Every structure is written in structure tokens, then in C-alpha cells.
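Fold and contact review
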Amino acid sequence: MRPSVFASLARQRLFEYYKVWNRNTDSVESRRADRFDPTDGVAARGSFQGELNMHMADALISPAVGGAMWLASAGLTAYASRTIDARSDGRLVPLMGVSGAFVFATQMINFGIPATGSSGHLGGGLLLAALLGPCPALVVMASVLTIQSLFFADGGLLALGCNIFNLGVCPCLIAYPLVFRPLLGSHTNLRRVFIASLAASIAGVELGAAGVVIQTALSNRAELPFSTFLLLMLPIHLAIAVIEGLATTVILGFLWRARPDLQPTRSQPTGYSQSVVPVAAGLLAAALVLGGFVSWFASTRPDGLEWSVAKATGSSPLSGSTPLHAELSRLQEQSAILPDYGFLGDGGEAPAGENEASSAHWPAAQLGSSVSGIAGSLFVVLAACAVGWVSRAARPKREPS
Amino acid sequence: MNRVESAMRDLTHLDEVARQQTWLHRIDARAKAITTLVYVVAIASLPRHAVLEMLPFAAYPLMLLLAAQLPLRVLTRPLLVTILLGMAIGAANPFLDRSPVRVFDGWCIAGGWLSFISIQLRAVLGVTGAIGLIATTGMERLCHGLARLGVPRGFVTQLLFLYRYLFLLGANSAAMSRARDLRSNGRPLQLSTYGSLVGHLLLRTLDRAERIHAAMCCRGFHGDIPLGESDRFGPRDAAFVAVWCLVLIAIRVSHSGNFPH
């Protein structure tokens with residue numbers, strides 16, 4: 001008899017004993033009887049595989065980062081809750097409840113990854129967004145993460161805001177509407193579902209992983225340098241994203257084959273408000289904060305491209321060598337409104353010693369940087385709006401049917 | 001036992017423990033939630049090299065866990081996972097931070113080792129605090145408390161629904177996993193089988209949601225679960241918050257001046 005067949009029969013016999021023993025005990029004792037479970041050996045192999053996911057932990061964040069992420073996640077979850085309240089017919093409430101329980105239960109079922117010998121499980125954010133829409137999916141993910149942080153200490157209470165943002169907002173409010181829906185369109189064949197799920201999973205999971213790295217770096221609890229940590233996290237999470245994409249594909253493929261009525265239609269809303277005003281206000285606020293405040297933290301060192309070219313060629317890429325280049329450079333300096341992201345004369349003309357002295361006080365409140373940042377951000381927002389308006393105007397009008 | 005059953009067993013155990021009626025269980029959920037939040041923030045605000053300074057904070061989770069009489073077994077998995085994560089991320093600290101830090105008079109240790117141990121201690125204290133809160137409060141009382149503290153009703157309703165159906169779907173999922181394990185002869189779950197297995201669970205879930213909605217409509221449901229009357233926030237609850245917050249803040253402030261940086 002082959003050992004595997006023998007093991008199977010032994011397991012069945014043990015299970016019979018287990019059932020008889022279980023029947024003869026009261027309800028509390030029967031739960032304790034699980035230590036005799038015959039399937040221990042089957043599941044033990046993968047019991048901790050996939051556990052080290054990207055839940056941010058309390059031990060790694062500072063109160064400032066944790067508090068800021070709490071505020072951001074609470075605001076977004078409250079916005080999502082209000083959106084649901086406004087359009088809910090009551091049917092969504094129990095559906096969201098059981099969907100959360102479904103994701104919770106499914107996260108504990110591991111499947112083997114072909115040709116690797118390891119296993120993975122579903123994250124659930126993208127699947128929920130595909131089933132319920134982005135806003136209900138965010139509320140469900142937030143509730144799942146809350147229960148996990150309370151009962152299983154996945155993450156922690158202070159890190160809950162980070163986790164809702166990384167595992168809820170990134171897949172539901174960013175990856176689903178911006179990657180999944182446009183790629184899927186109105187097609188639900190398995191190839192399109194696979195492409196859309198894979199791309200959206202990669203976008204959502206990598207964004208979440210980058211969020212973990214940024215939050216850890218800002219908290220200053222771990223010594224791991226930012227770039228090293230990022231280079232470690234992104235490839236690992238690329239593999240996790242592929243697993244997430246595969247799991248989402250097979251589940252959605254099965255569901256839409258079994259229940260074609262649940263397939264998304266082109267007219268199905270993405271969950272965002274149709275009004276452009278809140279979106280524009282949010283973009284404007286973000287532009288003002290980024291340009292006016294975060295620009296103070298801009299490094300005085302060369303950017304990545306300048307640094308790479310300088311390393312590769314051994315010289316600064318910005319030094320003009322031909323008369324034409326010098327002339328164009330002079331013309332640009334004369335016409336630039338804010339040269340080198342500052343006012344004329346406040347940065348570019350300063351002697352080298354002064355530049356070094358000012359960099360010692362980094363970050364410093366600099367009016368020139370703030371104005372440059374705000375103006376630049378506004379230009380980008382206006383340019384993006386102009387491109388959108390032109391493309392909309394150029395689109396052929398569809399005749400009403 | 002498979003992973004779903006193991007998790008469901010821990011969940012059930014915590015739920016049973018939370019239904020006890022000790023003096024700590026009778027303290028209002030809002031009082032315990034606020035105190036736990038202060039506790040978590042106080043620990044997170046300690047400097048990166050804090051180790052010995054962190055030990056007095058263990059009094060709060062110890063009180064919660066002893067009152068709940070929670071067996072250590074329920075804490076094992078969360079502690080192990082959190083410590084593993086902390087070790088993975090903090091592993092570089094001892095190599096990258098070699099600056100000597102004075103612990104006692106004439107006794108120095110590399111800063112990286114201190115911050116590494118500090119991360120593990122923070123993890124243990126954070127996990128025990130969170131589990132202690134739920135083990136002495138219970139999900140329903142905590143949700144009532146959160147609603148009274150101003151958390152949106154939609155989110156509280158979702159939490160209550162999720163918790164209610166967690167046990168049902170968990171049992172379903174555990175049964176399906178066990179059935180597959182017994183038939184698979186030790187082979188790992190293939191992706192195609194996984195799609196079918198989880199897909200069927202999802203179909204049952206959707207059908208169940210329809211039935212629940214119909215049943216709730218029959219009972220006059222209008223999209224909101226009535227939370228009923230919550231416990232009154234009495235002087236005993238106020239005293240609990242005041243005493244523990246003062247103790248935690250005092251411990252934190254007493255160490256603010258003498259940390260090596």
C-alpha cells in the first residue's frame with residue numbers, strides 16, 4: 001500500500017474517532033477537543049504562510065503618523081458611508097455585512113502557487129470593489145480590518161488608520177476605478193478579467209506597500225534606509241499582487257459564469273459622485289498643501305535623473321557645451337518667472353557659501369519655494385483640466401437612441 | 001485543525017470570555033476604549049530606544065487579561081505574528097545603529113539593539129492591549145460605545161453585521177476546507193479548485209444576503225440596526241478613565257526627561 005493512501009485511511013479512521021469523541025462531550029469541551037483534529041498535519045504546512053502580509057504594526061509607527069493616517073482614513077470612510085447612505089435601498093446593508101464575513105473567512109483559505117511550493121490567499125479589497133462598488137467596499141474593508149485588529153491583533157489600534165489606507169483605500173478607491181474598470185470595460189471574458197485584475201492588484205498592492213514604507217520611514221522607528229526598504233518591499237509585494245490578481249480572477253470568473261446577472265454594465269456607476277466640484281476642491285487643496293508646504297522639504301541635492309546621468313557620464317548634465325545651448329539657457333533664465341523654484345535673485349544668485357548655510361537649516365519656510373510650488377501645482381491642475389476639456393470637446397457626440 | 005477552524009476557535013473563545021460579568025466587564029465600553037487609546041498613544045510616543053521605560057505600561061494589559069482570565073493560548077498566534085513582523089523590519093537596527101547608549105551608570109549598549117528590543121516590546125504591549133479591550137468588552141458593547149462616541153452609524157451597523165455573520169460564514173468556510181482537506185490526500189489546494197470552492201461560498205453568501213434582507217424587511221428594517229439603550233456612563237466609569245489615564249500619563253511624563261537620544 002502506498003504511504004499516501006495509508007495516510008489518507010489513517011486520517012479517515014482518526015476522524016471517525018474524533019466524531020464519536022466529539023459527540024460524547026458538551027459544547028465547550030468539544031471546542032477544546034480540536035487538539036485531536038486529524039487534519040492538523042494537512043494544514044500545518046501552510047499555517048503561517050502568507051501571514052506576514054503588509055499590515056502595519058503599532059510597534060513601527062509614531063503617534064503623529066498614526067494620528068494623521070487615522071484622520072485621513074476616518075474621513076474617507078465617513079465619506080464612503082455617506083455615499084452609501086445616500087443611494088442605499090437597504091439591500092446593501094446585509095450584503096455588505098455578509099461580504100465582509102466572506103472576505104474574512106476567505107482570507108484564511110490558502111491555495112498552492114503553481115511551481116513555487118508556497119501558498120497565498122486573497123486580500124479582498126479589489127474583489128469587494130468589483131462586487132459592491134468602491135465606496136461600500138472601502139467601508140467593508142475598514143470593518144474587516146477593525147475586527148482583525150481587535151480580535152487577532154493584525155496591525156494594531158494606532159496603526160488601524162494606516163492599514164485602512166494601505167489595504168482599503170488603495171485597492172478600492174484608487175486601483176479599482178482607475179485601473180480595473182477602464183481595463184475591464186463591459187467585457188467579462190476570463191482574459192479581460194485576468195488582465196484587469198492583475199493590473200489593478202499590482203497597482204493597489206504596490207501602492208499599499210509603498211504606503212507602509214513611507215509611514216515607517218516617517219515614524220523613524222526602524223533603522224532600515226528608505227530606499228533599501230522600498231527595494232525590499234516592492235518586489236515581495238509584486239509577488240503578493242500577482243497572487244491577489246490570480247485569486248480575484250478565478251473567483252470573479254466563477255461568479256460571473258454562474259451568475260451573469262451580477263456582471264458589471266457600462267452604465268454602472270463607479271461609486272464616485274458625478275459632481276466635479278468635490279473632486280476639483282480636493283485636487284486644489286492637495287495642490288496647495290503639496291506646493292505651499294511640502295515644497296519646503298524639497299531636497300537641495302540633484303534629482304534621480306541628474307544624479308544618474310552625472311554618475312554615468314562623470315559630469316553634470318546641465319552644463320551647456322555648445323553656443324546654441326548657452327544661448328537657449330540664457331533665454332530661458334531671462335524668461336523664467338520663478339527660476340530654480342525661487343524668486344529672481346533669492347536663490348540662483350546667492351554665493352555658494354550662503355547656499356550651504358541655508359541648506360543647514362533645512363527644512364525652512366521659504367516664500368519663493370511656496371509660491372513656486374503653489375503656482376506650479378495650479379498650472380498642472382489647469383493644464384490637466386484643459387486637456388480633459390479639449391478631449392471631451394473633440395469626442396464625437398453620440399446620437400440619443 | 002485547519003486555519004479557518006483555528007481562527008474561529010480563538011474568535012469563539014474571545015466572544016465567550018467577553019460575555020463574563022466581572023467588575024471590569026461592567027465598566028462602560030467608552031471608558032475602556034478611551035483608556036486603551038491613551039495607552040496605545042503613550043506607548044507609541046516613547047522614544048525609539050525606550051526599553052525599561054516601557055515595562056510599567058504592562059500593568060494596564062495585565063489587569064485587562066487577568067480580569068478576563070484569557071488563556072495564553074489565544075494570545076500566542078497574534079503575538080507570534082506581530083513579533084515576527086517586528087523582527088523582520090527591525091532586524092537591520094543592530095547593524096545600522098552602533099551608537100553607544102547608556103542604560104545604567106557605566107553600562108552601555110548599542111542603540112540598534114535597544115531599538116530592536118523596543119520594537120518587540122511595543123508589539124507585545126500593543127497586541128495585549130487590543131485583545132484585552134475586546135476580551136473585557138465584547139463586540140456588541142464596544143459597537144454601542146463607539147456609536148455613543150460619535151462613530152458614524154453606518155460604520156457601526158456594518159461592524160455589527162460583519163461580526164454577526166462572521167461565525168456563520170466562518171463555520172461554512174471551515175466545513176468546506178475540512179471536506180476538501182479530507183479528500184485531497186495532503187495535496188495543496190489548486191487554483192482552479194480554489195476558484196470553485198470560494199466561488200460557491202460567495203454564491204451562498206449572496207443568497208444568504210438576499211434572505212437576510214427579506215427577513216429583515218419583514219421585521220420593519222429601514223437600513224439601520226437599532227442599537228437600543230446603552231449603559232449609562234456612571235461615576236465608576238469616569239473614575240476608571242480618570243485613574244488609568246492619570247497613571248498612564250504620569251508614567252509617560254516621568255520618563256520624558258531622562259531618555260538617551
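Residues numbered from 1 in each chain as written. Chains lettered and ligands numbered in written order. Predicted model: local features only at pLDDT ≥ 70, side-chain atom pairs only at ≥ 80, totals over all residues.

1. Side note on the domain arrangement of chain B
All names here are of chain B. Taken as a whole, chain B is organised into domain 1 (10-151 + 232-261) and domain 2 (152-230). On a C-alpha basis, the centroid separation for the pair domain 1 and domain 2 is 32 Å. Listed per partner, the contact involves nine residues of domain 1 and ten residues of domain 2. Of all the elements, helix 7 (residues 139-148) adds the most residues to the side of domain 1 that touches domain 2, at seven residues. Split by residue class, the side of domain 1 that touches domain 2 holds six nonpolar, one polar and two charged. (Domains from an automatic or database assignment. Contact = placed C-beta atoms within 7 Å. Helix = DSSP H or I, 4+ residues; strand = E, 2+ residues; numbered from the N terminus. Nonpolar A, V, L, I, M, F, W, Y, C, P; charged D, E, K, R; others polar.)

2. Section: the nonpolar core
Counting residues in hydrophobic clusters, the biggest one holds 151 residues, and the most contacted among them are A:Leu128, A:Leu138, A:Met141, B:Ile134 and B:Ala135. Setting aside chain neighbours within four positions, we find A:Leu138 in contact with A:Leu76, A:Thr77, A:Ala80, A:Gly168, A:Val169, A:Cys172 and A:Leu173. (Core = buried A, V, L, I, M, F, W, Y, C linked by C-beta atoms within 7 Å. Buried ≥ 20, exposed ≤ 12 C-beta atoms within 10 Å, placed from the backbone.)

3. Section: the environment of B:Val103
Residues and elements named next belong to chain B. The topology assignment puts Val103 in strand 1 (residues 100-104). Linking Val103 and Phe240, residues 137 residues apart in sequence, is a C-alpha distance of 34 Å. The residues contacting Val103, other than those within four sequence positions of it, are Cys108 and Ile109.

4. So, the packing of helix 5 (residues 92-106) of chain A against helix 8 (residues 153-184) of chain B
Relative orientation of the contacting elements helix 5 of chain A and helix 8 of chain B amounts to 50°, with a least axis distance of 7 Å. Classified by the interaxial angle, the pair formed by helix 5 of chain A and helix 8 of chain B is oblique. The two elements helix 5 of chain A and helix 8 of chain B meet at a crossing, and its hand is right-handed. Within the contact between the two elements, helix 5 of chain A uses A:Val93, A:Pro94, A:Met96, A:Gly97, A:Val98, A:Gly100, A:Ala101, A:Phe102, A:Phe104, A:Ala105 and A:Thr106 and helix 8 of chain B uses B:Thr157, B:Gln158, B:Phe161, B:Leu162, B:Arg164, B:Tyr165, B:Leu166, B:Leu169, B:Gly170 and B:Ser173. Among the residues making up the contact of helix 5 of chain A with helix 8 of chain B, the classes are represented as 13 nonpolar, seven polar and one charged. (Axes fitted to C-alpha atoms, helices over the stretch in contact; angles between N-to-C directions. Parallel < 35°, antiparallel > 145°, perpendicular 65-115°, else oblique. Left-handed = near helix turned anticlockwise from the far one by under 90°.)

5. Observations concerning the interface of chain B and chain A
Facing the 84 residues of chain B at the interface are 80 residues of chain A. In the side of chain B that touches chain A, the residues fall into 46 nonpolar, 28 polar and ten charged.

6. Thoughts on unusual backbone geometry
Of note, B:Gln69 is a non-glycine position whose phi angle comes to about 55°, a positive value. Its location among the elements puts B:Gln69 in the loop between helix 3 (59-68) and helix 4 (72-90).

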